[in-house]
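Below are the chains, spelled out letter by letter.
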Amino acid sequence: SAGLVGIGTSALGSNAKFEVKSTTGSISSATIRINGGETTTGAINTGSTLLLTGHDGSNERDFGSVFAGKENGTSGNRASYLAFGTRPNGGAVTERVRISSTGAVGIGTTSPSEQLEIYGISDHRLKVSRASTAIELFQPASASPMLNASGTGVALRFGINDTEAARIDSSGRVGIGTSSPGDFG
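Let me sum up the structure you'll find in this document.

The rules behind the values
- Residues numbered from 1 in each chain as written.
- Predicted model: local features only at pLDDT ≥ 70, side-chain atom pairs only at ≥ 80, totals over all residues.
- Heavy atoms only, no water.
- Helix = DSSP H or I, 4+ residues; strand = E, 2+ residues; numbered from the N terminus.
- Areas by Shrake-Rupley, 256 points an atom, 1.4 Å probe, with all protein chains shown as cover.
- Phe/Tyr/Trp six-rings, centres within 6.5 Å; stacked < 30°, edge-to-face > 60°.
- Buried < 20%, exposed > 50% of the residue type's maximum accessible area, 1.4 Å probe, protein only.
- Lys NZ or Arg CZ within 6 Å of the ring centre and 35° of its normal.
- Pairing = 2+ DSSP bridges.
- Axes fitted to C-alpha atoms, helices over the stretch in contact; angles between N-to-C directions.
- Patch = residues over 30% accessible without salt bridge, like charges linked within 9 Å, V, L, I, M, F, W, Y side chains within 5 Å.
- Salt bridge = Lys/Arg side-chain N within 4 Å of Asp/Glu carboxyl O.

Here we come to the overall build of the protein. Tallying secondary structure elements over the protein gives 0 helices and 14 strands in all. Counting only carbon and sulfur atoms, one obtains 52% of the accessible surface of the protein, whose full area is about 13,400 Å².

Let us now look at the packing of aromatic side chains. Following the criterion strictly, the structure yields 1 aromatic pair and no others. Judged by centre distance (5.8 Å) and plane angle (50 degrees), the rings of Phe67 and Tyr81 are tilted. Of this pair, Phe67 sits in strand β4 (residues 60–70) while Tyr81 sits in strand β5 (residues 80–86); the two residues are 14 residues apart in sequence, bridging distant segments of the chain. Note on accessibility: Phe67 and Tyr81 belong to one class, buried. Against the face of Tyr81 rests Arg98, its NZ or CZ located 3.7 Å from the ring centre.

This next bit is on the sheet that holds strand β14 (residues 174–176). Read across the open sheet, the 3 strands follow the order β12-β13-β14; overall the sheet is antiparallel. At either end of the open sheet lies a strand with only one pairing partner, and these are β12 (156–160) and β14. Neighbour-to-neighbour, the strand axes of this sheet turn through a mean angle of 25 degrees, independent of strand direction. As judged from the 5 bridges shared by β12 and strand β13 (residues 163–168), these two strands associate in the antiparallel manner. Note that in β13 the partner of Gly159 across the bridge is Glu164.

What follows deals with a nonpolar patch on the surface. Where nonpolar side chains cluster on the molecular surface, the patch consists of Ile107, Leu116, Ile118, Leu126, Val128, Ile135, Leu137, Leu147, Phe158, Ile168, Val174 and Ile176 and spans about 1,000 Å² of accessible area. Secondary structure elements with two or more residues in the nonpolar patch: β8 (116–118), β9 (124–130), β10 (133–139) and β14. Along the chain, Leu147 falls in strand β11 (residues 146–150). Judged by its relative accessible area of 41%, Leu147 is partly exposed.

Overall, antiparallel pairing links the 3 strands, which are arranged β9-β10-β11 in an open sheet. The open sheet terminates on both sides in strands that have one partner only, identified here as β9 and β11. Each strand of the sheet is rotated relative to its neighbour by a mean of 15 degrees, with strand direction disregarded. Note: β9 against β10, 7 bridges, orientation antiparallel. Bridge pairing in β10 links His124 to Gln139.

Treat this as a map of the structure, not an account of what it does.
Here you go:
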């Protein structure tokens, strides 16, 4: 009633409009299957989409998507990928992240060749931060890559088995086997 659908339950969870509940306790028993249709072509990029929508204040809009698709055009080959899409202001929902059939994750690429591949046409940073410090792997669009430590007075440290072996301090001095590099003179 009231536009609510419960399968295996009559008491839907908080804010749920649709819920599937396993009565056996097994997560594999609570399956929702979205079938992209039957086809005999086995074509690449065929599959199913979960489209996530909402209201932008003026109209109902598509905000994001999850797509599961066939990775190849070979009949009988079941290799597939999972793609996640988001929508920029003024644009269409566009694929942003892909997980391939081998488990490789691509950000900005539809064909990741490594376990994690980040690709783009402008400057990109892979950043790990905590409080006021960060380490970044930075790939400028028109220069060589750079490993960067950011924050006030931070050093870029290199370690082996969680023990510091070398560092570049905030003044650019290099120390190997010391945590206090000095000036050459």
